[in-house]
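Summary of the model geometry
Single-letter residue listing:
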Amino acid sequence: MMRQAVPCPPAPERSSSPEELEETTEGGGGQIRKVVEENPVVVVGRRGCCMVHVVRRLLQGQGVNPLVCEVGDDADESALLASLSGASAPEVMPAVFVGGRLVGGLDRLMAVHIAGELVPILKQAGALWL
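Treat the numbers as computed from the prediction; the structure is a model and nothing was measured.

**What about the overall build of the protein chain?**
Helix and strand counts for the protein chain come out as five helices and five strands. In the protein chain, the succession of α and β elements from N to C terminus is β-α-β-α-β-α-β-β-α-α. Buried positions account for 35% of the 130 residues belonging to the protein chain. Restricting the contact set of the protein chain to residue pairs at least 6 apart, pairs at least 24 apart contribute 61%. Working note: accessible area of the protein chain is about 8000 Å², and carbon and sulfur atoms make up 54% of it.

**What to know about the confidence of the model for the protein chain**
With 65% of its residues at a pLDDT of at least 70, the protein chain reaches an overall mean of 76. Of the regions scoring below 50 in pLDDT, residues 1-29 engages in 33 contacts with residues more than four places distant in sequence or in other chains.

**A word on the environment of Pro 94**
Tracing the backbone through its elements, the reader meets Pro 94 in the loop between helix H3 (77-85) and strand E4 (95-98). Measuring from C-alpha to C-alpha, the distance between Pro 94 and Val 43 comes to 6.5 Å, with 51 residues separating the pair along the chain. For Pro 94, the contacting residues outside a window of four places in its chain are Val 43, Val 44, Gly 45, Met 51, Val 52, Val 55, Gly 104, Gly 105 and Leu 106.

**Comments concerning the nonpolar core**
Membership of the largest hydrophobic core comes to 18 residues, with the highest contact counts inside it found for Val 41, Val 55, Leu 59, Val 64, Leu 109 and Leu 122. Secondary structure elements with two or more residues in this core: strand E2 (41-46), helix H2 (50-61), E4, helix H4 (106-114) and helix H5 (118-125). Not counting residues within four places of it along the chain, the set of residues in contact with Val 41 comprises Leu 59, Val 64, Pro 66, Leu 67, Phe 97, Val 98, Leu 122 and Ala 127. By size, the runner-up hydrophobic cluster in this structure holds twelve residues, among which are Ile 32, Val 36, Leu 67 and Met 93.

**As for the pairing of E4**
With burial as the criterion, each face of E4 is covered, one bearing Ala 95 and Phe 97 and the other bearing Val 96 and Val 98. In terms of strand pairing, E2 meets E4 through four bridges, oriented antiparallel. Along E4, the bridge assignment pairs Val 43 with Val 96. The pairing of E4 with strand E5 (residues 101-104) spans three bridges and is classified as antiparallel.

**A closer look at H2**
Compared with the 16 Å implied by 1.5 Å per residue over twelve residues, the 17 Å span of H2 between its first and last C-alpha is a close match. The secondary structure elements touched by the buried residues of H2 are E2, strand E3 (67-71), E4, H4 and H5. Just downstream of H2 lies Gly 63, where phi reads positive at about 95 degrees.

**What about the state of the cysteines?**
Enumeration according to the criterion identifies zero disulfides in this entry. For Cys 50, which is in no disulfide, the shortest distance to another cysteine sulfur is to Cys 49 and amounts to 5.2 Å.

**Digging into H4**
For H4, the complete set of buried residues consists of Leu 106, Leu 109 and Val 112. Relative to the axis of H4, the buried residues are bounded by an arc of 125 degrees and lie together on one face. Opposite the packed face of H4, turned more than 90 degrees from it, sit the exposed residues Asp 107 and Ile 114. Here the buried face of H4 lies against H2, E4, E5 and H5.

Each value, and the rule that gives it
Residues numbered from 1 in each chain as written. Predicted model: local features only at pLDDT ≥ 70, side-chain atom pairs only at ≥ 80, totals over all residues. Heavy atoms only, no water. Helix = DSSP H or I, 4+ residues; strand = E, 2+ residues; numbered from the N terminus. Buried < 20%, exposed > 50% of the residue type's maximum accessible area, 1.4 Å probe, protein only. Contact = heavy atoms within 4.5 Å. Areas by Shrake-Rupley, 256 points an atom, 1.4 Å probe, with all protein chains shown as cover. pLDDT = per-residue confidence, 0-100. Core = buried A, V, L, I, M, F, W, Y, C linked by side-chain atoms within 4.5 Å. Pairing = 2+ DSSP bridges. Expected span 1.5 Å × (residues − 1). Disulfide = S-S within 2.5 Å. Arc of directions from axis to C-beta.

Spelled out as structure tokens, the structure:
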């Protein structure tokens, strides 16, 4: 006799809707910049991107609940990230910000984690207390 799986309610995500985080990159700031400055860990990525899910799961595995900001498909990636990080060279999405500073994309986050440097960075930003 086969049993059906009992659906588990998804964990509440702190994800901002695109309407709440409408970003104008010409102003060099906007609401996403404010969110990045006010929260210890922020992930900025495209709506529905599987890499955002991977980044979020990696951070949750470390005991951090990141704020996920999703941008629409029509957003200019390079201009958005340049305005947020202040860097001239555009990074790739999803972009991970810890303590208001850009860590990088998924590949950089994985490299920092494998090197054992992620937990100290998260502690310094106030995202981990242990």
